[in-house]
Each structure stands twice: as C-alpha cells, then as structure tokens.
Amino acid sequence: MKYLHLIWAALFRRKARTVLTLVSIVAAFLLFGMLDAVRTSFDQAGQSANGAQRLQTGSKLSFIQPLPQSLEAQIAQVPGVKQVTYANWFGGAYQDPHNQVFSFAVAPNYIDLYPEIAVDPAARKAFDASRTGALVGETLARRFHWKVGDKIPLQSTIFPNREGSKNWSFDIVGILHSTDKKTGGFYDQLFLLHWKYFDETTPYNRGQVGWYVSRVADVNQADRVARAIDALSANSDHETRTQTEQATTASWMKQLADIGLIVGAIMGAVFFTLLLLSGNTMMQAVRERTAELAVLKTIGFSSRSVLAMVLAESVLLLLLGGVVGLGLAALLIPGVSAGSGGMLNLPTVGASSWLLGLALMVAVGLLVGALPAWRAMRLNIVDALAGR
Amino acid sequence: MGTLIELRNLSKVYERGRQKVEVLHHIDLDIAEGDFLAMMGPSGSGKTTLLNLIGGLDSPSGGSIAVAGQRLDQLGAGALARWRAAHVGFVFQFYNLMPMLSAQRNVELPLLLTRLNGAQRRKNAGIALQLVGLGDRAAHKPGELSGGQQQRVAIARAIVSDPALLVCDEPTGDLDRQSAEDVLGLLRTLNREHGKTIVMVTHDPKAAEYANHTLHLDKGTLVEQATA
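Residues numbered from 1 in each chain as written. Chains lettered and ligands numbered in written order. Predicted model: local features only at pLDDT ≥ 70, side-chain atom pairs only at ≥ 80, totals over all residues. Heavy atoms only, no water.

Concerning the domain arrangement of chain A
How big an interface is tends to be stated in terms of the accessible area lost upon association of its parts. Taken domain by domain, chain A comprises domain 1 (4-45 + 259-385) and domain 2 (66-237). Centre-to-centre, using C-alpha coordinates, domain 1 of chain A lies 48 Å away from domain 2 of chain A. (Domains from an automatic or database assignment.)

Brief notes about the sheet that holds strand E5 (residues 70-71) of chain B
Residues and elements named next belong to chain B. Reading across the sheet, the 4 strands line up as E2-E1-E4-E5 and stay open at both edges, with antiparallel pairing between neighbours. At either end of the open sheet lies a strand with only one pairing partner, and these are strand E2 (19-32) and E5. Note that strand E1 (residues 3-16) and strand E4 (residues 62-67) share 5 bridges and pair antiparallel. Within the sheet, the bridge partner assigned to Arg 8 lies in E4 and is Ser 64. The sheet strands contacting helix H1 (residues 47-54) are E1, E2 and E4, and the helix crosses E1 at an angle near 120°. (Pairing = 2+ DSSP bridges. Helix = DSSP H or I, 4+ residues; strand = E, 2+ residues; numbered from the N terminus. Contact = heavy atoms within 4.5 Å. Axes fitted to C-alpha atoms, helices over the stretch in contact; angles between N-to-C directions.)

Points about the interface of chain B and chain A
Counting residues at the interface gives 23 residues for chain B and 21 residues for chain A. For the pairing of chain B and chain A, the buried interface totals around 2,100 Å² over both sides, and the portion due to carbon and sulfur atoms is 70%. It is Met 100, Leu 112 and Leu 113 of chain B in chain B that bury the most area against chain A; as a group they hold 27% of the surface buried on that side. Here chain B is connected to chain A by 0 salt bridges. (Buried area = accessible area lost by both parts, 1.4 Å probe. Salt bridge = Lys/Arg side-chain N within 4 Å of Asp/Glu carboxyl O.)

A closer look at the nonpolar core
Counting 85 residues, the largest nonpolar core has Ile 5, Leu 7, Met 39, Ile 54, Leu 165 and Val 199 of chain B as the members making the most contacts within it. If one sorts the elements of this core by residue count, helix H12 (residues 303-339) of chain A sits on top with 10 residues. Not counting the four nearest positions on each side in its chain, Met 39 of chain B is found in contact with Lys 47, Leu 50, Leu 51, Val 199, Met 200, Val 201, Thr 202, Leu 215 and Leu 217 of chain B. (Core = buried A, V, L, I, M, F, W, Y, C linked by side-chain atoms within 4.5 Å. Buried < 20%, exposed > 50% of the residue type's maximum accessible area, 1.4 Å probe, protein only.)

Shown next, in the form of structure tokens:
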C-alpha cells in the first residue's frame, strides 16, 4: 500500500493517454456487463421451481409439427401425471409485422398449470365465458396501451381464418401478471386466446395441438413419466419427445441462437482488442520511464519490487476502467429493459457477473503488464542511466 | 579516519557484441572515511564506471571492492540493492527526479524501503529538504523548480536515509555557475559537518577544488593523485 501513490502517479503521468485508454476499458466492460446480462437472461429462461414440475411434450420431428388432440386423454392416464393441458403457437403481430406478440391458443385449463401467472378471478371467468376473449400480459398491454374491453386486431403470420384472411379479432377480457419477475417476466408479455376458437376458425388445424404440458405429482419421477408419455406414441406417425420445461426452453433458445457462443465471440474480440490497446499503452508508459525505473533500482528498489509495481499499475488501470464500465452497465440495464417495452427483461449485474468481471480485469491487467514488467525487472541500471 | 573504500586490482571489461572493451585496468585505491574525493579525466577514461562500481551499481570483472568491510564483488543483485538502499546516496548530472511527484515525495522515495511509517517518512523528508534549503518548496514538482533547486532536491533524496557514502556523477554538469557553487557548497557542508564520504566525478576543475583530493584517470588507469 505504501507504493500506491507512486503507482498512481506513474499511471497518470500522461493524463490524456491514460484517460483515452480508460475510456476503451470502460466501453469494453460496459459491453461485457450488458452482454452478460443478455446471456444470464437466456440462461434463466424456464428456470423456476414450478417449471421443474412441468413436462413439455412436442413432436419428435420438429417443434412446429402438430400432435393429435386425442393424445390429451392418454397422457392424463399416465401414472404420475397430475394434470395435462395443451397449446398452439398463434404467431400474432399487432399493426406491423415487426410488432410480434407471444400469442398462444390455449386449452381452458392452461393457466391452472402456471401458478406463476396471476389473473383476477373475474377476468378468468370472463375469459372462460367468451369465445373471442383474450388475456394479455401487463407489459404487453402497457406497450400497446391496451385495456380491458378493447377489441384488438391481430395478424397471424401463419394461420388464416375461415375467410382466408390472416386478420383475427379478439376482445381483451383481463390482464395477466407474473408472480415471479425474475424468472417469469416472460408471462407479462403473453397473449392467450382460446384454442377452441382458434381450432374452429382456421382450416389449417383440425383438432391438432402444438404441444402438451403435464404437471407431475413427484419431480423425482419426472424422467420416468416423460419416458411413459413418449411410449404412448412410439412407432406412430406422431412420435413425441417429452422434456422438462427448462430443457425445452433451452432447446428453443438454442434453435433461435446460441447466445452463449455469440456473447463469447463478441467478448473475445473485444478483449483481444483491449489487450492490444492497453498492452501498447503499458509498453509506451514503461519505455518512456526507463530512466526513472533505473533510478528506483539505483536507490535500492529490488527488481521484484519494480516488476510488482509495473504489474500493479497495469492491474489498477484495468480495475479503474472495468469497475466504472460494469457500474455503468448496472445503471443502464434497467433503462434498457424499460426502453425495450418489455421485450427485454435483463437482470442487473449480479454478484457472479461482478466476480467474473473482476477476475477478467485482474487477468487482463496481469497479461498486458507482463511484458513491460518483465522488461522493467531486467533493466540494467548502468545502461538505462546512460540512455542505452 | 579509517579506510571506507578499498579497491584492489579492480578491472572492468564490457562486452559489446564480440568485442571486449577493458574500461578499468587493475586499479588499487583506498578512500578514507569522511573524505571528499573528486575524479577527473577525459571522456571514456572510466570515471563513471569506477563510480558505478563504488556505488554498487555494477560488478567488477576482476579484483575486489570493499566498502566498510563489505565485499561488494561477492554480493548478488538483490543483496547489492539492499546494500545500496542502506549505505549509498546517489546524485546524478540530470537530477533524475520523478516528474510526477512533489519534492517531498521524491525525497521520501528511499524511505519507502525502510520500516518507517508515513508520518516518520514525511518528517525525515522535511528535515532533509530543510537541510538543503528547500523546506518551503516541498509541495512543488520538479518542473516547477530551477535546475539548482532540482539538484538540491536530488541531494536531499540522497541523504534522507543517512547513508555514509554519497556518489555524485557530474552533479554540476547541467547547472549555471552560481547554482553549481551552491550545490558544491552544500556537498562540502555535508562532508565537513555531517561526515559524509563523497566520491564525485566531474569535468570541471573548479568543482574539483571543493574536494579534498582529486584523482585523474586516463584510459582506465589512475595517472595522478592531487591533494587540495
């Protein structure tokens, strides 16, 4: 600690250069914080205590391949299945094809299997009683300024109605709220319509469902129950694959994009650039202080002390920029989430991200400081003082 | 006064690529404790090399060098660094102060290697600055001081840990006449009133007049010894 003022003074010997390097480090760690939040958000999707109790059954061929609705009764008979429901992807968009809405056509008991979805009993009753009724998540309603009683036109990107038009009309009868904002923020963006209305209106469906959701009585028996459900359709034209909700979500996400790989690739490129940039700064900083380092060694500082001071300077540079960058990310993430109209539900920079970030700062600092520190340690006093 | 520095058959050879350059040839020299010695000679005569060996900045190629009974030629790099921190103060031609530190912080540098706490370090550095007549310039950075003042800060840094030996390489080489006389007067005070043994390299005969003895080197050999 008694060398800190010396290290600090050396770091800011060329203020403009150090500040510019710091700005680069701040930008890199700001990006790291934001992208890590995106990765964490994707990792957390489907991870809830209730999700562990639910199995999702879809076609073994592809998740867009429908299954017969008749399978519901058979699944309900499988030992260990407490409750079963089903749903179809509707693929709705509001006003503009870019305004995609997570819209599902669901069975009457769908919400019963999702205790994370809170809905007012009166709204639930109104939904059950209305053929064209819809329940919408609170974030979605806020995004498009919808309220109960509104008649909403949705355009399905896949399914036409009986007249051949893809324009559908729904009556909003209630608002959905997720009870767990951390893992269930997705439910605040749902648009639920009746599967029966959907099935009767589109000529494309005819008694088929997109997937089944089963609640198991005992989580420890989930694997056995999943195998038993898949055995129902074995060797048929609609073989199924049953997985936990978490595994299904992860599989969907993976088909969408390998977020971990994308984030890793971007951060790899960013940190590689950062290595070159801050490495160059440190090399220059040490090169122009050759005589000063030689004086330190002359008055008795050991080679190891000089090595440690240059490394500490490099790590301090990274820590200063990195902490500011991650702090900025923590401040900006709630704003980004709010600004996305609920499309993004990014978690803030958590303890694990801070720990990973700090480890990266120290590692990058040591890496970029290694060569100049080694040169400073090996500095020959006589040659350095003579300007050789 | 006893002998502080003993050089016996001291040689120094530099290797520059395939070439070997013998800079010092079999030097024998005793320097008494409390002496003020000036070393003169043409460029390339080996003055600075000899000074570096006496200050423990370099190791001889042959012979022995002992300071206060300590054989420097037998010490490794780490031990030499510790020995320098405890026993030698250095004054350079171009001051070699840290430009980003105040005079006070520059003077404190050698004390960072001691067990003194922050308050003690500040106190001792303040005393050293008072001694060189710069007590009121403690907060100034080197760029805010004249050349003579910077050299006095460098002298304060050299004496702050109270070493027995000061080695000075052209301490007035970058100063005007008045500043040079101030610095030389200060060195003479340190020698006479504080008992510091001083070995100074200089090109300037007037600077050498402040010393008790003057040695002349030529082509790595002692050619003459004059007494003031």
